[in-house]
Amino acid sequence: MRKYYVLFTALVLLIIDVRIPTIVYPAYEAFRTEAPVTVSLIIDHVVGHRLRVDVCSDLLGYLMLLVAAAWLSMEDRRFRKCFLWGAVSTAAYVYWQIMPFYLNGGLRFRAGYVFYFVAALLKIVTIFLTMYTVSGQLESTSNHSYNNVTVILMMVCAGSGAVAALMWFFDLIAVFCVYSVVQLVTFGVVAWRIWNDRNLLTEGARNA
């Protein structure tokens, strides 16, 4: 079960976002635009003027997920998809973090606008795919209905994460916090339901 402990710890780190501003980015070079409000939203809020470090490190979460997925893929090939999506998500996350150090003006604005959604979408897909792959190992004739409810809760978890990401983009922090809590709570319920049927995980790995 240690592999799954690492995997679910990684998902917790990816779900919880408590961002602290640290290193200052190079000073933003303003450019002429017909949408100053949108530019301000992206540069001042979405990208920010400092490197934001997550207290529950997303980078550590991604690295733990990659290790666990590689470990589990030796027993179940379905986890190779988790590794692939995790690797792409990690690259997008790292690019998002370091992009303002070498892009400025209009390029920083456009990259910030696009890659915020790219990184957020990849993260949500990676989290859902990882949970869904684990649920595949719980599938059995007697467990089918129980597992279906678990998958529905996974969808709620992923959907809440998507709404939370959208709310952060539009600087609706109170709503972002609500949906972040919903995402974390539903993930906790999913983890509890999987824990109740943890004996099926090893059986699923053997039968894969």
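Let me sum up the structure you'll find in this document. (Residues numbered from 1 in each chain as written. Predicted model: local features only at pLDDT ≥ 70, side-chain atom pairs only at ≥ 80, totals over all residues. Heavy atoms only, no water.)

### Describing the overall build of the protein chain
(1) Moving on: The helix and strand tally for the protein chain stands at 8 helices and 2 strands.
(2) Moving on: Burial status across the protein chain gives 44% buried among its 208 residues.
(3) Moving on: Long-range pairs, those at least 24 residues apart, make up 80% of the contacts in the protein chain with a sequence separation of at least 6.
(4) Moving on: Within the protein chain, the 12 negative side-chain charges are centred at a point lying 5 Å from the centre of the 16 positive side-chain charges. (Helix = DSSP H or I, 4+ residues; strand = E, 2+ residues; numbered from the N terminus. Buried < 20%, exposed > 50% of the residue type's maximum accessible area, 1.4 Å probe, protein only. Contact = heavy atoms within 4.5 Å. Lys, Arg positive; Asp, Glu negative; His and termini not counted. Charge placed at Lys NZ, Arg CZ, Asp CG, Glu CD.)

### Thoughts on the nonpolar core
(1) Moving on: Of all hydrophobic cores here, the largest spans 25 residues; its most connected members are Leu7, Leu11 and Met131.
(2) Moving on: Of all the secondary structure elements, the ones that give two or more residues to this core are helix H1 (2-15), helix H3 (58-73), helix H4 (79-102), helix H5 (105-136), helix H6 (144-169) and helix H7 (173-196).
(3) Moving on: Counting residues in each nonpolar core, the second largest holds 20 residues, with Val39, Ile42, Ala164 and Trp168 among its members. (Core = buried A, V, L, I, M, F, W, Y, C linked by side-chain atoms within 4.5 Å.)

### Remarks on the pattern of salt bridges
(1) Moving on: Throughout the structure, instances matching the rule amount to 5 salt bridges.
(2) Moving on: Between Glu75 and Lys3 there is a salt bridge; the shortest N-O distance is 2.9 Å. Taken together, the residues Glu75 in the loop between H3 and H4 and Lys3 in helix H1 connect sequence positions 72 residues apart.
(3) Moving on: Measuring nitrogen to oxygen at the nearest pair gives 2.6 Å for the salt bridge that ties Asp76 to Arg78.
(4) Moving on: Residue classification places Arg78 among the partly exposed positions, given a relative accessible area of 36%.
(5) Moving on: When salt bridges that share partners are traced, they join Asp17, Arg19, Asp58 and Lys123 into one network. (Salt bridge = Lys/Arg side-chain N within 4 Å of Asp/Glu carboxyl O.)

### Considering the packing of aromatic side chains
(1) Moving on: Under the defined criterion, the tally for this structure stands at 17 aromatic pairs.
(2) Moving on: Geometrically, the ring pair formed by Tyr113 and Phe117 is tilted, given 6.3 Å between the ring centres and 45 degrees between the ring planes. In this pair, Tyr113 and Phe117 are both assigned in helix H5, 4 residues apart and thus about one turn of the helix distant.
(3) Moving on: Classification of Tyr113 by relative accessible area gives partly exposed; the value is 36%. (Phe/Tyr/Trp six-rings, centres within 6.5 Å; stacked < 30°, edge-to-face > 60°.)

### Describing H4
(1) Moving on: Under the 1.5 Å per step criterion, the end-to-end length of H4 is 35 Å for 24 residues, consistent within 8% with the ideal 34 Å.
(2) Moving on: The largest bend along H4 reaches roughly 35 degrees and is located at Trp96, with the proline Pro100 sitting one to four residues downstream.
(3) Moving on: Among the residues making up H4, those that are buried are Phe79, Cys82, Gly86, Ser89, Thr90, Ala92, Tyr93, Trp96, Gln97, Met99 and Pro100.
(4) Moving on: Elements in contact with the buried residues of H4: H1, helix H2 (36-47), strand S2 (50-54), H3 and H5. (Expected span 1.5 Å × (residues − 1). Bend = angle between axes of the 7 residues up to and from the residue.)

### A word on unusual backbone geometry
(1) Moving on: Even without glycine at this site, Asp171 takes up a positive phi of about 60 degrees.
(2) Moving on: Note on placement: Asp171 falls in the loop between H6 and H7.
(3) Moving on: Under the relative-accessibility criterion, Asp171 is labelled partly exposed at 42%.

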